[in-house]
Amino acid sequence: MTERFLRYVVIDTQSDASSPTCPSTEKQKDLGRLLASELKAMGLADAHLDEHGYVYATIPANTAKKVPVICFCSHMDTSPDCSGQNVKPQIVRQYRGGDITLPADPTQVIRVAEHPELNNQIGNDIITTDGTTLLGADNKAGIAEIMDAAHFFIQNPKVKHGTIKILFTPDEEIGRGVDKVDLKKLGADFAYTIDGETAGHIEDETFSADGVTITIEGVSTHPGFAKGKMEHAIKIASAIVDSLPKTTCSPETTEDKEGFLHPISMSGALEQAAIGFIVRDFADEGLKEKEQLLESIVKDVMKDYPRSTYRMEVREQYRNMKQVIDRHPETVDYAMEAIRRAGLQPHRSSVRGGTDGSRLSFMGLPCPNIFAGEHAFHSRLEWVSRQDMEKAVQTIVHLATIWEERA
Ligand SMILES: [Zn+2]
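Residues numbered from 1 in each chain as written. Predicted model: local features only at pLDDT ≥ 70, side-chain atom pairs only at ≥ 80, totals over all residues. Heavy atoms only, no water.

**A closer look at the overall build of the protein chain**
Per the secondary structure count, the protein chain includes 10 helices and 17 strands. Its C-alpha atoms give the protein chain principal-axis dimensions of roughly 85 × 50 × 40 Å. Counting across all 407 residues of the protein chain, residues that qualify as buried make up 55%. Within the protein chain, counting contacts between residues at least 6 apart in sequence, those at least 24 apart form 80% of the total. Accessible area for the protein chain stands at about 17600 Å²; split by element, carbon and sulfur atoms hold 50% of it. In the protein chain, 45 positive and 61 negative side-chain charges are present, and the distance between their average locations comes to 2 Å. (Helix = DSSP H or I, 4+ residues; strand = E, 2+ residues; numbered from the N terminus. Buried < 20%, exposed > 50% of the residue type's maximum accessible area, 1.4 Å probe, protein only. Contact = heavy atoms within 4.5 Å. Areas by Shrake-Rupley, 256 points an atom, 1.4 Å probe, with all protein chains shown as cover. Lys, Arg positive; Asp, Glu negative; His and termini not counted. Charge placed at Lys NZ, Arg CZ, Asp CG, Glu CD.)

Structure representation (structure tokens):
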């Protein structure tokens, strides 16, 4: 398990939002090729990397029962927010508690106070980087776990299961992880992403998400002769941002089930300016309310600029997967049972974000998210424990057998 994981994290697979290609970076295929060849070597004859950077493979059923086809999915790319080049993993064996200082940069300290989950890792082997890059446990822990579970099924043909599909995606971190997935070729009925944080957790709920652009058309004149005429688009845009709620409704003032309205870009000149927003809420009505609030703020500001105009465009990004998963409660029930059989207390929770599973669910493939054990992802303090990864492998194995039992 650890060997696999260490083999994958040293391959740089950082994605790049500014690239128009799929995969966004060619180097993601380096890992894809390795995974496809390892799966083939295990005996999965159809394992392959396609031209868009997706890896597909099938573990054939070994039961006479008619079992729904389930898929396990992880992403190969790492976050553009933190370097993934020259990753040098280190293992803290039999962790005894206390802060972990990373060897190549002593300013990088994984503090128990900030990472209380370390308190549950006493005696475990913890894998970190040397402090100069991210680790990439997000989501190579999930990949290694799925690979290890596949290996287990091939080595233990007496353990009964239906057809199992394996899917590794590129570009999840830039929101394009399922853009070019071929669901017909995949042929799965239900899927699980293995991309969650704490051992024992399963997530069946994500944000619903829209993107909004407000474009302001001001009135331009020569600044020397502008009195009573000029309506400055940059100033109008600034007034809008300044009028947003300050103590509620923003990422820095909300938690749990609260949504937000969040400006992410602003550009412009005298004549025209644009503000980009992301809107997040667990309920679709909450999204609508926040968009109405935004429009009422814009209208209010525009009253002071009678000859200027605005345009508001709303784009759907993804929807709360719970709307789909609630129609197939067995996907979550079986996963909770699998976590229990792996010796953990199952914990059902929600993600303040989206996953590949949010979009897969609405594309017709219900897809909750199961823990991979990754922590402090997208940062140089990222860590994962060997024991949590092993629990994830057991969960995957139990889950496939439970689908067979209940068929
Ligand atoms: Zn991830």
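From this point, the discussion proceeds with the structure in view.
**Examining the side chain of Glu 231**
One can find Glu 231 in the loop between strand S11 (208-217) and helix H5 (233-242). Notably, Glu 231 is buried but unbridged: the nearest opposite-charge side chain belongs to Arg 307, and the N-O separation is 4.0 Å. Side chain to side chain, Glu 231 and Ser 308 meet in a polar contact 2.5 Å long. For Glu 231, the residues in contact, after removing those within four places along its chain, are Gly 218, Val 219, Leu 270, Tyr 305, Pro 306, Arg 307 and Ser 308. (Salt bridge = Lys/Arg side-chain N within 4 Å of Asp/Glu carboxyl O. Polar contact = N/O pair within 3.5 Å; in protein donor to acceptor, adjacent residues only side chain to side chain.)

**A short note on helix H1 (residues 2-9)**
Within the sequence span of H1, burial applies to Thr 2, Arg 4, Phe 5, Tyr 8 and Val 9. Mapping the buried residues of H1 onto a view down its axis gives an arc of 160 degrees, with all of them on the same face. On its buried face, H1 sits against helix H2 (28-42), strand S4 (90-92), strand S7 (126-128), helix H3 (137-155), strand S17 (384-385) and helix H10 (386-406). (Arc of directions from axis to C-beta.)

**Some remarks on H3**
Compared with the 27 Å implied by 1.5 Å per residue over 19 residues, the 25 Å span of H3 between its first and last C-alpha is a close match. Counting buried positions along H3 gives 15 out of 19 residues, so the element sits mostly inside the fold. (Expected span 1.5 Å × (residues − 1).)

**Things to note about the coordination of the zinc ion**
Ligation of the zinc ion by protein atoms is provided by His 75 (NE2), Asp 138 (OD), Asp 195 (OD) and Asp 195 (OD), these donors lying 1.9 to 2.6 Å from the ion. In this structure, the zinc ion is coordinated by 4 donor atoms arranged in irregular fashion, with angles at the metal of 52 to 139 degrees. Judged by its relative accessible area of 1%, His 75 is buried. (Donors = N, O, S within 2.8 Å, 3.2 Å for Na, K, Ca; no water. Tetrahedral: all angles 85-135°; square planar, octahedral: opposite > 155°, others 65-115°.)

**A word on the sheet that holds strand S2 (residues 55-59)**
Sheet strands associate in pairs through backbone hydrogen bonding, adopting either a parallel or an antiparallel arrangement. Strands sit in the order S1-S2-S8-S3-S9-S16-S10-S15 across an open sheet of 8 strands; the sheet is mixed. The open sheet has two edge strands, strand S1 (48-49) and strand S15 (347-351), and neither has a second partner. Pairing of strand S3 (residues 70-75) with strand S9 (residues 190-196), which is carried by 4 bridges, proceeds in the parallel orientation. When the sheet's bridge partners are listed, Ile 70 is paired in S9 with Phe 190. Across the sheet, helix H8 (residues 329-341) touches S9, strand S10 (201-206), S15 and strand S16 (369-371), and the angle it forms with S10 is around 160 degrees. (Pairing = 2+ DSSP bridges. Axes fitted to C-alpha atoms, helices over the stretch in contact; angles between N-to-C directions.)

**Some words on the sheet that holds strand S12 (residues 260-268)**
Taking strand neighbours across the sheet as the criterion, the 4 strands line up as S12-S13-S11-S14 in an open arrangement whose pairing is antiparallel. Edge strands, defined here as strands with exactly one partner in the open sheet, are S12 and strand S14 (309-318). Averaged over all pairs of adjacent strands, the angle between strand axes in this sheet comes to 20 degrees, irrespective of strand direction. Here S12 pairs with strand S13 (residues 272-281) via 8 bridges, running antiparallel.

**Quick word on the packing of aromatic side chains**
Under the criterion given, the structure shown has 7 aromatic pairs. Seen in terms of ring centroids, Phe 207 and Phe 260 are 5.6 Å apart; in terms of plane orientation they differ by 85 degrees. Their pairing is edge-to-face. Of this pair, Phe 207 sits in the loop between S10 and S11 while Phe 260 sits in strand S12, and the two are 53 residues apart along the sequence. Given the relative accessible area of 1%, Phe 207 is considered buried. The exposure class assigned to Phe 260 is buried, which follows from its relative accessible area of 9%. An aromatic cluster is defined as three or more aromatic residues linked by ring pairs; in this entry it consists of Phe 190, Tyr 334 and Trp 403. (Phe/Tyr/Trp six-rings, centres within 6.5 Å; stacked < 30°, edge-to-face > 60°.)

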